[in-house]
Amino acid sequence: MSTDEPPQPPDRAGASASAPAPSPSRPADTPRSLAEALRTREDNALAVLLHARPDLLNPVPTDLTQLATRAGTRASVVRALERLDRFAQQVAQTLAVAPEPTTYDEVLGLLAGDDGDPAVAKALPGALGALHEQALVWGPDDRLRLVRTARELLAPGPQHPSPTGLGPTVAEATAGMSPTRVQGIVAAAGLPTTHDPVSAVESLTALFTDRARMSALLDEAPAESVEVLSRLVWGPPYGQVTADPARHLRWLLDRGLLLPTAPGTVVLPREAALHLRAGRAHRAPEPTPPPVVAAREHRPQVVDATAAGQAYTALATVEELLKEWDEGGPAVLRAGGLSVRDLKRTAVALDLPEPLAAFWVELAYAAGLVASDGEADERYAATPAYDEWQELPAPERWAVLATAWLSATRTAGLIGGRDGKDRTLSALGPHLDRSAAPEVRRRVLALLAGLPEGAEPDADSLLARLRWERPSPAAQDLRSRIARWTLNEAELLGVTGRGALSQHGRVLLDDDAAPTTAQARGAAAARLLAPLLPQPLDHVLLQADLTAVAPGPLERPLAEALSVLADVESKGGATVYRFTPGSVRRALDAGQSASDLHAFLAAHSRTPVPQPLAYLIDDVARRHGHLRIGAASAYVRCDDEALLNEILADKRSQGLRLRRLAPTVLAAQADPGTLLEGLRSMGFAPAAESPEGDVLITRAHAHRTPPRSAPEPVPDGPPLPDDTLVAAAVRAIRAGDLASTAPRKEVHETPSGSLPRTTPAETLATMQAAVMTGEAVWIGYVNAEGAASQRVIAPVRVEGGFVTAYDHTADEVRTFALHRITGVAELADDE
């Protein structure tokens, strides 16, 4: 059982009359423990607690006493404290240095100081309410208590200084001091001596907490002594002294303004420090969050148009990446991930810096478009989901990428850094998940949404706001880096434009007024983005220098056909394609004829087909397939004997080791593929043929992984429970608490608080009697897994070794095996 006050009676509602009477200083209805405080809460308040601290739900507590115990465990309290904002943490830190129990006015005085602070007074109720909601503080306003574990974590100590910078109290610092020394300090401070050290400490404490008397004492202090106090007042409160301290230090030691804690170490008592601070526990309370200010403002239309352009570029980049890996991408490292060399090659292919290439690789992986193929020679490749993604309209394809980015825990910004074991973090490798990433991304976008439309935020003010909202020092650096990466990645992806949040990016966020799924928000964003994206074109502009200009995005069939017939020379707002003999031969190898290529260009060009391009196609087609290559090891077949003589005479063919088999046939000791490439490098245009003598049509074979799902985000702690689960848990906890606190008649053979113990005959008789009277009874029960529990049941039927009863604990009818019931007891008459 968890109690946060020194030993108290057992925490049971309706306890027997043997419980001690309430203390005169504490009203009878004041809770004595956190469990009792939780017991007075409404169901909706318990639901708020379970939503805020989902770790308390696994497994569901059996009753409120167990819930209070779990809420006071160190791991759970640390997690709850880390998730408080800065002012709520300051309030908790203040409670840790305040007397226990304390009052609301004392807490306000410690935060606002002697002069008061309207902002602190306004914000304190909300901060205390948050601490109450999360069961970190309990009790009424006149007897506030911080849970014991939180006090131990936040209270000042030599090994863990308080964030307030305060030291121990006079009573704590003098705990091991000799009575003679204490009386000497009292006398030096001008106070009358007492008969015992306890009253002497109380007298010294009263002096330090009396503003007028303390000011009079410090007026007598040497200037050097005041300077020493000024160095210690805001912490750390500890200092070093020699065995023979200087006169100004001796003055402080003699009057207890510095108290020894260890040989050579002294401390400024908390009460003296608070006087010097004008009553404030913190140097700078921060009751209000720092505002996020706009660095500059743009017209919303410009922001949306810029973001749409970035969204189109994002789609083109991902498509180009997957096209690069279409026939099988880089090999998977033994430890997982992409090698540095392969990342460099990918960056060169995408014409991007390596960090940006790593971001797009990780985004495609997070969206489930790329994965490992799982083969023996494991490589990365596109997944079947990529083919489905390509068939979607452009806005919907963008929505898939944006929603995947928003919820992904994989953090591309870490690539190239080192993990805790000094290992390099590689793209697509392990150890890139950071649970805080989705929360930080959403929060950054939410802060952008709070600015006026078209406003670009000042990055420093945004980071300051995030640090106020989650001030845990251990997490600040990572969260700040993720926030900076978020601003850059949102711009790359087209969620923002010119640094400001776009309209289609705004609807990706959760709307508390109308919560929707990620898919529904993505669809809404796609609808807003659709009018802003350029429409695909069905034509190009052919030019006399053997190039074609695509003035915008092309329809997919046209783009795919043109990528075979020509090479991309430059990209941007307009894409330039260049026709070369090699690219034309590639189209002929894919099964096109010269007439097909002429018809294709004539149909899709807004300008006449230039004569040089027509000549290029005809010239390559005329020579294409004139030579035939098949498998002998390999052979070359040609009706033109002079051409074969030319090949044999060329010194570059010596590596192919050709010899004549017939006037029109040459044999080679190279495989057909090597022979094909060798002759092409010599300037010929051979065509491969099948064993039947037909020309082989060569097309790129897309390599796909088996079906793969997108990587699941790594949750930051237990998953957030939904309302249905929380409501069921509250009912179960209430029912279990009813069973554990229900008044019952004493069973003399059973120690108080343990399961009842009765013989099988007594158990059967009591059950049968309860069936006839319709009364509820209290039982101890051990299930098939050996877990013991206590329940309040109303038996309905007893037969065949089983009891059918309404279980008040589970709020349903259940069947219990008689041999598993440890015992039964009647409930008290006043239930």
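Structure shown above.
Fair warning: this is a prediction, and the values are worked out from it, not measured in the lab.

Conventions we followed
- Residues numbered from 1 in each chain as written.
- Predicted model: local features only at pLDDT ≥ 70, side-chain atom pairs only at ≥ 80, totals over all residues.
- Heavy atoms only, no water.
- Axes fitted to C-alpha atoms, helices over the stretch in contact; angles between N-to-C directions.
- Helix = DSSP H or I, 4+ residues; strand = E, 2+ residues; numbered from the N terminus.
- Parallel < 35°, antiparallel > 145°, perpendicular 65-115°, else oblique.
- Left-handed = near helix turned anticlockwise from the far one by under 90°.
- Contact = heavy atoms within 4.5 Å.
- Nonpolar A, V, L, I, M, F, W, Y, C, P; charged D, E, K, R; others polar.
- Buried < 20%, exposed > 50% of the residue type's maximum accessible area, 1.4 Å probe, protein only.
- Polar contact = N/O pair within 3.5 Å; in protein donor to acceptor, adjacent residues only side chain to side chain.
- Core = buried A, V, L, I, M, F, W, Y, C linked by side-chain atoms within 4.5 Å.
- Salt bridge = Lys/Arg side-chain N within 4 Å of Asp/Glu carboxyl O.
- 1 Å grid on protein atoms, 1.4 Å probe; cavity = no way out; pocket = protein on both sides within 12 Å on 5 of 7 lines; lining within 4 Å.
- Points joined across faces, edges and corners; volume = space filled by probe spheres on them.
- Pairing = 2+ DSSP bridges.
- Phe/Tyr/Trp six-rings, centres within 6.5 Å; stacked < 30°, edge-to-face > 60°.
- Lys NZ or Arg CZ within 6 Å of the ring centre and 35° of its normal.
- Expected span 1.5 Å × (residues − 1).

Enquirer: Explanation requested: the packing of helix α5 (residues 86–97) against helix α6 (residues 104–112) in the structure shown.
Expert: When two helices pack together, their arrangement is given by the angle between the helix axes and the distance between those axes. At a minimum axis separation of 10 Å, α5 and α6 run at an interaxial angle of 115°. Between α5 and α6, the crossing angle belongs to the class labelled roughly perpendicular. Where α5 crosses over α6, the two elements pack in a sense that is right-handed. Residues F87, Q90, V91, T94 and L95 of α5 form the contact with α6, whose own contacting residues are V107, L110 and L111. Considering only residue class, the contact of α5 with α6 consists of six nonpolar, two polar and no charged.

Enquirer: I keep staring at the side chain of T547 and nothing clicks. Help me out?
Expert: Assignment of secondary structure puts T547 in strand β13 (residues 547–550). Taking the relative accessible area as the measure of exposure, T547 reaches 2% and is therefore buried. Among the polar contacts listed, one links the side chain of T547 to the side chain of D545, at a separation of 2.5 Å.

Enquirer: In this structure, what is going on with the nonpolar core? I would like to understand it.
Expert: One finds W398, L401, W405, L445, L493 and V495 to be the most contacted residues of the largest nonpolar core, which totals 67 residues. What L445 contacts, discounting residues up to four positions off in sequence, is W405, L406, A490, V495, L501 and L509. L57, A112, L154 and V726 belong to the second-largest nonpolar core, a separate cluster that totals 47 residues.

Enquirer: Explanation requested: the packing of α5 against helix α7 (residues 118–133) in the structure shown.
Expert: Direction vectors running N to C along α5 and α7 enclose 80°, while the axes themselves pass 9 Å from each other. If you check the angle between α5 and α7, you find them roughly perpendicular. In this structure, α5 uses F87, A88, V91, A92 and L95 to contact α7, whose residues at the interface are V120, A123, L124, A127, L128 and L131. For the contact of α5 with α7, the per-class residue count stands at eleven nonpolar, no polar and no charged.

Enquirer: What is the right way to read the side chain of D419 from this model?
Expert: Tracing the sequence through the fold places D419 in the loop between α20 (394–407) and α21 (437–449). Using a relative accessible area of 14% as the deciding quantity, one classes D419 as buried. From its side chain, D419 meets the backbone nitrogen of R423 in a polar contact 2.7 Å long. For D419, the residues in contact, after removing those within four places along its chain, are L425 and H431.

Enquirer: How do you make sense of the pattern of salt bridges when you look at a structure like this?
Expert: Opposite charge on two side chains lets them pair, provided their charged atoms get close. Under the counting rule described, the total for this entry stands at 35 salt bridges. A salt bridge links D43 to R734; its shortest N-O distance comes to 2.7 Å. Within this pair, whereas D43 is found in helix α2 (residues 43–52), its partner R734 is found in helix α32 (residues 723–741), the two being separated by 691 residues in sequence. Between D460 and R484 there is a salt bridge, with its nearest N and O atoms 3.8 Å apart. Here R484 lies in helix α23 (residues 473–493) and D460 lies in helix α22 (residues 459–469), a separation of 24 residues in the sequence. Via salt bridges that share partners, E100, R145 and R151 belong to a single interconnected network.

Enquirer: I tried to follow empty space enclosed by the protein on my own but got confused; where do I start?
Expert: Take a probe with the size of a water molecule and roll it over the atoms, and the empty space left behind shows itself. On inspection of all chains with the given rule, the structure shows three cavities of 30 Å³ or more. By volume, the largest cavity amounts to about 80 Å³. What lines the largest cavity is F359, E362, L363, A366, W405, A408, R410, A412, R441 and E489. Looking at the lining of the largest cavity, the element that brings in the most residues is helix α18 (residues 354–366), giving four residues.

Enquirer: What is the right way to read the sheet that holds strand β23 (residues 802–807) from this model?
Expert: Paired through their backbone hydrogen bonds, the strands of a sheet run either parallel or antiparallel. The sheet built from five strands is open, its strands ordered β24-β23-β22-β21-β25 with antiparallel pairing. Taken across any chain shown, the strands that pair with only one partner, and hence form the sheet edges, are β24 (812–817) and β25 (821–826). When strand polarity is set aside, the average angle formed by the axes of neighbouring strands in this sheet is 45°. With six bridges connecting them, strand β21 (residues 777–782) and strand β22 (residues 788–799) associate as antiparallel partners. Note that in β22 the partner of W778 across the bridge is V792. Against the sheet, helix α33 (residues 760–773) touches β21, β22, β23 and β25, its axis set at about 65° to β22.

Enquirer: Is there a simple way to think about the packing of aromatic side chains in this case?
Expert: Where two aromatic rings form a pair, the distance of their centres and the angle of their planes describe that pair. Evaluated as defined, the whole model comprises four aromatic pairs. For the pair W325 and Y380, a centre-to-centre distance of 6.4 Å together with 25° between the ring planes defines the contact as stacked. With W325 in the loop between α16 (300–324) and α17 (340–350) and Y380 in strand β8 (residues 380–382), this residue pair connects regions lying 55 residues apart in the sequence. Judged by its relative accessible area of 3%, W325 falls in the buried class. Y380 sits in the buried class, given a relative accessible area of 5%. Here R397 stacks its cationic end above the ring of W389, 5.5 Å away from the centre of that ring.

Enquirer: I tried to follow α5 on my own but got confused; where do I start?
Expert: For the α-helix, the turn length of 3.6 residues means that residues three or four positions removed from each other point alike. Along its twelve residues, α5 runs 17 Å from first to last C-alpha, staying within 8% of the 16 Å computed at 1.5 Å per residue. Judged by how many residues are buried, α5 sits mostly within the fold: eleven of twelve residues are covered. For α5, every residue scored as buried is listed here: F87, A88, Q89, Q90, V91, A92, Q93, T94, L95, A96 and V97. Capping of α5 at its N-terminal end is provided by D85; its side-chain oxygen lies 3.1 Å from the backbone amide nitrogen of F87.

Enquirer: Teacher, can you tell me more about the sheet that holds strand β3 (residues 238–240) here?
Expert: The three strands are arranged β3-β5-β4 in an open sheet whose pairing can be described as antiparallel. Looking along the sheet, the strands with just one partner apiece sit at the ends: β3 and β4 (259–262). Strand-to-strand twist across the sheet, computed as the mean angle between neighbouring axes with direction ignored, equals 40°.

Enquirer: Help me understand unusual backbone geometry in this model?
Expert: What you tend to see is this: most non-glycine residues have negative phi, and most peptide bonds are trans. Here the amide bond leading from N58 into P59 is cis, since omega sits at -10°, within 30 degrees of zero. Here P59 is to be found in the loop between α2 and α3 (64–71). A cis amide bond links E100 to the next residue, P101, at an omega of -5°. Residue placement: P101 occurs in the loop between α5 and α6. For H431, which is not glycine, the phi torsion reads 70° and is therefore positive. By the secondary structure assignment, H431 is in the loop between α20 and α21. Classification of H431 by relative accessible area gives partly exposed; the value is 41%. Phi is positive for R498, close to 55°, though the residue is something other than glycine.

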